[in-house]
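For reference, the chains in residue letters:
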Amino acid sequence: MANSPQAKKRIRRNNNRALINGARMSRIRGFVKKVETACTEGKKDEAAAALSAAQPELAKGVAKGVLHKNTAARKLSRLSKRVAAL
């Protein structure tokens, strides 16, 4: 167990950041899910609107450090490819 004050503070901080990062990832997943459901239902207009809403969320995830840059680029590329195929 952590004994030093710095280590105890670090544990508290890590727990708080884990909650924040988890919420942020959940939010990103929700935006991505909206695009995917619109694609499976064949609604091109809804899918395009959801994609344009998901794009800044993915970028924000990269900026905040919860997603790797290439991961976000890959997800965005695959989503836009699916929307374009409709």
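Below is a summary of the structure that appears in this document. Quantities reported herein were computed from a predicted structural model and do not represent experimental measurements.

Glancing now at a positive patch on the surface. A contiguous patch of positive charge on the surface is contributed by Arg10, Arg13, Arg17, Lys60 and Lys64. Sorting the residues of the positive patch by element identifies α1 (5–41) and α2 (44–64) as the ones contributing at least two each. Locating Lys60 in the fold gives a position in helix α2.

Moving on to the pattern of salt bridges. Across all of its chains, the model carries 3 salt bridges by this definition. Sharing partners across several salt bridges, the network here consists of Glu41, Lys43 and Glu46.

Turning our attention to α2. The end-to-end C-alpha distance of α2 is 30 Å, a good match for the 30 Å that 21 residues give at a rise of 1.5 Å each. Along α2, the residues classified as buried are Ala47, Ala50, Leu51, Ala54, Glu57, Leu58 and Gly61. Where α2 is buried, its residues touch α1 and α3 (69–85).

Conventions and cut-offs
- Residues numbered from 1 in each chain as written.
- Predicted model: local features only at pLDDT ≥ 70, side-chain atom pairs only at ≥ 80, totals over all residues.
- Heavy atoms only, no water.
- Patch = residues over 30% accessible without salt bridge, like charges linked within 9 Å, V, L, I, M, F, W, Y side chains within 5 Å.
- Areas by Shrake-Rupley, 256 points an atom, 1.4 Å probe, with all protein chains shown as cover.
- Salt bridge = Lys/Arg side-chain N within 4 Å of Asp/Glu carboxyl O.
- Lys, Arg positive; Asp, Glu negative; His and termini not counted.
- Charge placed at Lys NZ, Arg CZ, Asp CG, Glu CD.
- Helix = DSSP H or I, 4+ residues; strand = E, 2+ residues; numbered from the N terminus.
- Expected span 1.5 Å × (residues − 1).
- Buried < 20%, exposed > 50% of the residue type's maximum accessible area, 1.4 Å probe, protein only.
- Contact = heavy atoms within 4.5 Å.

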